[in-house]
Amino acid sequence: MTDAAWESLSNQAVAAAGLLYFLALLAHLVEWASLRKVPLASGAAARDSIDIPGGVAVATGPHSDEAEGRARRTALFGRLGFLITCIAVAVQAVSLFARGMAADPNRVPWGNMYEFTLTGTFVVAFLYVVLYRKFRLAWMAPIVLAFVLTVLMVAVIWLYAPVAPLTEALSSYWLVIHVVSAIIATGAFTLGGITSALYLVKARSLSKNGPQETGYVARLPQPEALDRVSYRLHAFGFPVWTFAVLITGPIWAHQAWSSYWNWDPKEVWAFITWVVYAAYLHARTTAGWKGRNAAILALVGVATLWFNFIGINYFSTTSQHSYAGGAKQIAPLEPAPALSRDSA
Amino acid sequence: MSTVLSTRPPEDDRRPGELGFRELLRWVWRQVTSMRTALILLLLLALAAIPGSIIPQTGVDSLKTSNWQSDHPKLTPVYERLGLFSVYDSAWFSAIYILLMISLVGCIVPRTFHYWRGMRAKPPAAPRNLSRLPDHAAYTTTDAPEVALERATALLKRRRYRLSVSTGSTTGDGGDSVSAERGYLREVGNLIFHLSVLVVLVGFGLGSMFGYKGGVILLVGDDFGFSNNLTQYDEFKPGSLFRADEMEPFSFKIDDFDVDWLTTGRRAGMARGFQSHLTYREGRDSPEKKYDLRVNHPLSIGDTDVFLIGHGYAPTITIKDADGNISGGPTPFLPTSQSFQSIGVVKAPDAEPTQIGLEGEFYPTVAFSDQTGSYYSLLGKPLDPMISMLVYTGDLGMDDGSSQSVYALDKSKTTMLTKKDGTPYRLDLRPGETAKLPNGLGSVTFEKAPGVDGGVQRWNKIQISQTPGKWIALTGVVMALIGLLGSLFIRPRRVWVRARRQGDGTLVEVAALDRSGGGDVSVVVDELVASLQGPQSGKQQQREDES
């Protein structure tokens, strides 16, 4: 296959993945819409205990044929949605692979914002699929899919850049190590942030209205279970982020830019994200900060993370992480620092 | 009613809430080292780091900073006073992280003692009523209680629990029990993590205090070289405690410089595969060695690293004055675009009868734009190099001894040469060409550099940095990561197993308690019960789940 063919394959695969995510989202919306009318079975509250995090408890309440048929239908749509999501993730993987093959010489698909965003959404969706059973994430489906679909659209509409070879400073095996770990952590933090947001919604609904019988919020796991899932995702993400930002990042920065920490805006924000998540982990063991405040910190963390990922490229022009194209390059290898050579 | 109702001793005449000096100190220490304070300091640190990413920083990009400052004359003095142009050295930023470190030490020290005591303590005896714990299970067996407990002891020991056995007589509940605890290393991980934050800070501090970072623009070729001492640098940023005699006495020259220019594809015109072929000596009398300096592949000499971070052209321009004296030579021009359109200045302060200055641009592959009516550079590769310069005569302002940038011309006391029709007199020269200046001032030649691609001399921007303590910092972060993994994934828990006679069998109760605040121990209980019952299935089991 020629490079051009690979590139168009990649673009088509992205389009297909977007469509599949949309279909999966529709399937889950049908599932949840039809669940709205089904009251939470009396037994479901017990099933929804902290022993079983997640898990959409389908009504088994009063045994009428209608309720049973509805239960079967919702379960069908739930499974359909998950199946389509799996296919979409696979298609997106193809798009990433093709993107790397389209470059000459072949390379990892992490050369610009479009490619980073493509990979970031892929990892979010991939982690969701992988952890679906372990953490019983069915309740997360509509939100993850809406998030992935939105960010994917942003990537295609605003961030798209044609395939091009890597700039010199990016041609390093540290690119693989540094970027992979950063993106994996981003995926985990994003899922953790979604869980924390739902925790806040659920806790608020419980304290305001008491236990509800119907609706999406009523079918969310108990706050304790959400908190635990969120903690686990963050506990996974934080060491990976530490590795990406405080170990591989400085090592590479030292090799490429001569100084392992430059207070480059991207570095500063990665550090801010790190500090916020450190505060989150700290808050979970501090009296008065458990639960609600910790969840808010997790949301702040995810906001700084995505701001750093996309936003800072448009705010700052001094960043040496200038792949966004926003930064002006003066000297060809890096933006030249002031040259104050004095003539004697 | 003047009866004073007070329990205070009469000799203490302080108002309520008033603290003695020692009490005040203790109160302050408690506040500073509390978890809440640490948390708030962490968030403050995050907040305080933000301005430095938005406002240009002197330490990061001084050119950009001075540009910003001249664009914002009103804000600049305010920002300056607040230290917003060097946030990360400012007093308030330092105050936050120093407080954080104090808080950290205040946290580590007592915790270490606490941990030391906890590590040597035996696991606590089983609570009286195991079924009150959220995760518990029970089953009956025909084995004697001693046998059941022995099996539990063996099983828990194999799983590396620390054990203590207590008999029913001591706890008074009519059954012997085993207490087991594991996951002691979680706290060790936690302590290592906190300690290594200090280590990282020490390493980072060493680097920024004793290290330096400097840059030099060095011409390619045997005639030019660099030896590592202060006078040779174009720019130099030393740490606050830097000593020049710590600099390593190496020297090098650039024999040759290679670039691959992409000629096809979407990034046609982009340069890659930069390589500087260096010859260097580690010390004054060391043997010569060779190294190919590339991006991402610095040359390490002792504690110092040498980096290739930029390149450009240095056209060899000579000025011959009216008396025939020649001045000038290869002059580095600064690239302003991806296609290496570059700006530069040539000065001839000794020219007679008047000083001569040239200012203009260099185009590696020149092209003319009808739209703008000016030259531009098509490619960075020197296919058709040309300089286009304006000529200034008069006082170049170099005689008063003050330093002057070599990339700028002080035109305040000069006049620009013009043609008869009043338009600027422009020198457009290709390598090997000479132009006579009007009014008998002399001539200017763009010399062809021998043996170089395109006939134009090149320069490399070399960055040199000495960062002592970088290995300390790296060790610190790696330790932090290991400690972090321990503190996040080692799950400390306690398990109790109690066996007592019930009817003609034995009732075995198992309970577990998660002590990490994120674990799920119901699985542990289930699994323990299953293993304890062993292959002798068919025993009735009652799993109580009342969470």
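The structure presented is a predicted model; accordingly, all values stated were derived computationally and were not measured.

Topic: the overall build of chain A
If you tally the helices and strands in chain A, you get nine helices and one strand. N-terminal to C-terminal, the α/β element order of chain A is α-α-α-α-α-α-α-α-α-β. Every one of the 344 residues in chain A was classed for burial, and the buried ones make up 54%. In chain A, 76% of the contacts between residues at least 6 apart in sequence involve partners at least 24 apart.

Remarks on the overall build of chain B
When helices and strands are tallied, chain B shows 11 helices and 28 strands. Taken against the 2.2 N^0.38 rule, which gives 24 Å for 547 residues, the C-alpha radius of gyration of chain B at 38 Å runs more than 25% over that of a compact globule. The dimensions of chain B, computed from C-alpha atoms along their principal axes, are 125 × 80 × 55 Å. Going through the 547 residues of chain B one by one, you find that 35% of them count as buried. Considering only intrachain contacts with a sequence separation of at least 6, the fraction spanning at least 24 residues in chain B is 63%.

Side note on the UniProt feature "transmembrane region" (unreviewed entry) in chain B
All names here are of chain B. In the numbering used here, UniProt assigns the "transmembrane region" (unreviewed entry) feature to residues 38–55, 91–113, 191–212 and 471–490. Note that residues 91–113 is 100% helix and 0% strand, and that its end C-alpha atoms are spaced 33 Å apart. When the span residues 191–212 is considered, its composition is 91% helix and 5% strand, and the gap between its end C-alpha atoms is 33 Å.

Remarks on the sheet that holds strand β7 (residues 251–261) of chain B
As summarised here, the arrangement of the four strands in space is β5-β7-β8-β9 (chain B), forming an open sheet in which the pairing is antiparallel. Each edge of the open sheet is held by one strand with a lone partner, namely β5 (226–227) and β9 (289–293) of chain B.

A word on the UniProt feature "transmembrane region" (unreviewed entry) in chain A
Residue and element names in this part refer to chain A. Mapped onto the present numbering, the UniProt feature "transmembrane region" (unreviewed entry) falls on residues 12–30, 80–101, 113–132, 139–161, 173–201, 233–253, 268–283 and 295–315. The straight-line gap between the two end C-alpha atoms of residues 12–30 is 27 Å; of that span, 100% is helix and 0% is strand. The straight-line gap between the two end C-alpha atoms of residues 113–132 is 28 Å; of that span, 95% is helix and 0% is strand.

Description of the domain arrangement of chain A
All names here are of chain A. Partitioning chain A into domains gives domain 1 (1–43 + 50–56 + 69–164) and domain 2 (166–334). Looking at the side of domain 1 that touches domain 2, the elements with two or more residues in it are α1 (3–35), α4 (113–131) and α5 (141–159). Counting residues per element, the side of domain 1 that touches domain 2 draws most heavily on α4, at seven residues. Residues belonging to the side of domain 1 that touches domain 2 are distributed by class as follows: 21 nonpolar, five polar and three charged.

Here we look at unusual backbone geometry
Look at the link from glutamate 352 of chain B to proline 353 of chain B: it is a cis peptide, with omega at 5°. Within the fold, proline 353 of chain B resides in the loop between β15 (342–348) and β16 (355–363). The phi angle at tryptophan 263 of chain A is positive, at roughly 55°, despite the residue not being glycine. When you line up the elements, tryptophan 263 of chain A lands in the loop between α7 (223–257) and α8 (265–283). A tally of 19 C-beta atoms within 10 Å means that tryptophan 263 of chain A is categorised as partly exposed. Located in the positive-phi region is asparagine 296 of chain B, a residue other than glycine, with phi close to 75°. For asparagine 296 of chain B, the position within the fold is in the loop between β9 and β10 (299–301).

Concerning the domain arrangement of chain B
All names here are of chain B. Parsing chain B into structural domains produces domain 1 (21–119), domain 2 (123–181 + 491–542), domain 3 (211–310 + 460–479) and domain 4 (314–456). With centres defined by C-alpha atoms, the gap from domain 3 to domain 4 works out at 29 Å. On the side of domain 4, eight residues touch domain 3, which itself brings five residues to the contact.

Let's talk about the packing of helix α6 (residues 91–120) of chain B against helix α9 (residues 185–210) of chain B
All names here are of chain B. Here α6 crosses α9 at 150°, and the two axes come no closer than 10 Å. Handedness of the crossing formed by α6 with α9: left-handed. For the pair α6 and α9, contact is made by Met101, Leu104, Cys107, Ile108, Arg111, Thr112 and Tyr115 and by Glu187, Leu191, His194, Leu195, Val197, Leu198 and Leu201, respectively. Of the residues that constitute the contact of α6 with α9, the class distribution is 10 nonpolar, two polar and two charged.

Description of the packing of α7 of chain A against α8 of chain A
Residues and elements named next belong to chain A. Viewed as axis vectors pointing N to C, α7 and α8 meet at an angle of 150°, and their least axial separation amounts to 10 Å. Judged on the interaxial angle alone, α8 and α7 are roughly antiparallel. For the crossing formed where α7 meets α8, the hand is left-handed. Residues His234, Phe238, Trp241, Thr242, Val245, Leu246 and Gly249 of α7 pack against Glu267, Ala270, Phe271, Trp274, Tyr277, Tyr280 and Leu281 of α8. Here the residues of the contact of α7 with α8 are counted per class, giving 10 nonpolar, three polar and one charged.

A closer look at the confidence of the model for chain A
Residue and element names in this part refer to chain A. Chain-level pLDDT for chain A is 81 on average; 83% of the residues reach the 70-or-more range. The low-confidence segment residues 42–61 (pLDDT under 50) makes 55 contacts with residues lying over four places distant or belonging to another chain. For the stretch residues 323–344, pLDDT sits under 50, and the model shows 68 contacts to residues farther than four places along the chain or on other chains.

Some points on the sheet that holds strand β6 (residues 235–238) of chain B
Residue and element names in this part refer to chain B. One open sheet accounts for five strands, arranged β6-β4-β25-β11-β10; its pairing is antiparallel. Edge positions in the sheet fall to β6 and β10, since each has one partner strand and no second. The average undirected angle you get between the axes of adjacent strands in this sheet is 25°. Relative to strand β25 (residues 458–466), strand β4 (residues 212–219) runs antiparallel, the two sharing eight bridges.

A word on the nonpolar core
Grouped together as the largest cluster of nonpolar side chains are 176 residues, with contacts concentrated most on Tyr21, Val144, Val148 and Val275 of chain A together with Leu42 of chain B. Among the elements that line this core, the one with the most residues is α7 of chain A, at 18 residues. Judged by nonpolar contacts, the second largest core, of 21 residues, contains Ala137, Val508, Ala512 and Leu532 of chain B.

Remarks on the pairing of strand β18 (residues 374–377) of chain B
Residue and element names in this part refer to chain B. Bridge count for strand β17 (residues 366–369) against β18 is four bridges, and the pairing is antiparallel. Of the residues in β18, the one forming a bridge with serine 369 is serine 374. The turn joining β17 and β18, which pair antiparallel and follow one another in sequence, is formed by four residues; a positive phi near 70° is taken by glycine 373.

Observations regarding helix α2 (residues 35–49) of chain B
With 15 residues, α2 of chain B should reach 21 Å at 1.5 Å per residue; the first-to-last C-alpha distance of 21 Å fits that figure. Those residues of α2 of chain B that sit buried are Ala38, Leu39, Leu41, Leu42, Leu45, Ala46, Ala48 and Ala49 of chain B. At its buried positions, α2 of chain B is contacted by α8 of chain A together with α3 (51–54) and α6 of chain B.

Quick look at the environment of valine 510 of chain B
Residue and element names in this part refer to chain B. Among the structural elements, valine 510 can be located in strand β27 (residues 505–514). The spacing of valine 510 and leucine 133 is 377 residues in sequence and 9.9 Å in space, taken between C-alpha atoms. Setting aside its immediate chain neighbours within four residues, valine 510 contacts His136, Ala137, Val497, Val525, Leu528 and Val529.

Thoughts on helix α6 (residues 173–209) of chain A
In this model α6 of chain A runs 54 Å from its N-terminal to its C-terminal C-alpha over 37 residues, within 8% of the 54 Å that 1.5 Å per residue would give. Two residues or fewer past α6 of chain A, glycine 210 of chain A is found with a positive phi of approximately 75°.

Some points on the confidence of the model for chain B
Any segment with low pLDDT has predicted coordinates that should not be analysed in fine detail. Residue and element names in this part refer to chain B. Looking at chain B as a whole, its pLDDT mean stands at 84, while 92% of the residues score no less than 70. By mean pLDDT, the top-scoring element of chain B is helix α10 (residues 470–489) (92), and the lowest-scoring one is strand β28 (residues 541–542) (43). Ignoring residues within four places in sequence, the model shows residues 537–547, a span with pLDDT below 50, making 19 contacts including any to other chains. Two summary scores accompany this predicted model of the complex, namely pTM at 0.82 and ipTM at 0.81.

Reading the values: rules and limits
- Within each chain, residues carry numbers counting from 1 in the order of the written sequence.
- Chains carry letters from A onward and ligands carry numbers from 1 onward, assigned in written order.
- Local features are withheld for residues below a pLDDT of 70 in this predicted model, meaning they are given only at 70 or higher, and side-chain atom pairs are given and counted only at 80 or more; totals for whole chains, interfaces and linings count all residues.
- Numbering of helices and strands starts at the N terminus; helices are DSSP runs of H or I of at least 4 residues and strands are runs of E of at least 2.
- Here a residue counts as buried when 20 or more other C-beta atoms fall within 10 Å of its C-beta, as exposed when 12 or fewer do, and as partly exposed in between; the C-beta atoms come from the backbone.
- Our contact criterion uses C-beta atoms placed from the backbone: two residues qualify when those atoms are within 7 Å.
- In this setup the radius of gyration rests on C-alpha atoms only. A globule is expected at 2.2 Å times the number of residues raised to 0.38.
- UniProt positions are given in the numbering used here, feature names are shortened, and annotations may be inferred rather than shown by experiment.
- Only when DSSP finds a minimum of two bridges between them are two strands counted as paired.
- As annotated, the domain borders come from an automatic or database domain assignment.
- Residue type decides the class: Asp, Glu, Lys and Arg count as charged, Ala, Val, Leu, Ile, Met, Phe, Trp, Tyr, Cys and Pro as nonpolar, and the leftover types, Gly among them, as polar.
- Interaxial angle, 0 to 180 degrees, is taken between N-to-C directions of lines fitted to C-alpha atoms, where a helix line uses only the stretch in contact.
- For any helix crossing, the convention is left-handed if the near helix is rotated counterclockwise from the far helix by under a right angle, and right-handed if that rotation is clockwise.
- For classification purposes, an angle smaller than 35 degrees is called roughly parallel, one larger than 145 roughly antiparallel, one from 65 to 115 roughly perpendicular, and anything else oblique.
- Scored from 0 to 100, pLDDT records how confident the predictor is in each individual residue.
- By definition, a nonpolar core groups buried Ala, Val, Leu, Ile, Met, Phe, Trp, Tyr and Cys residues that are joined through C-beta atoms within 7 Å.
- In a helix, the anticipated span is given by 1.5 Å times the number of residues less one.

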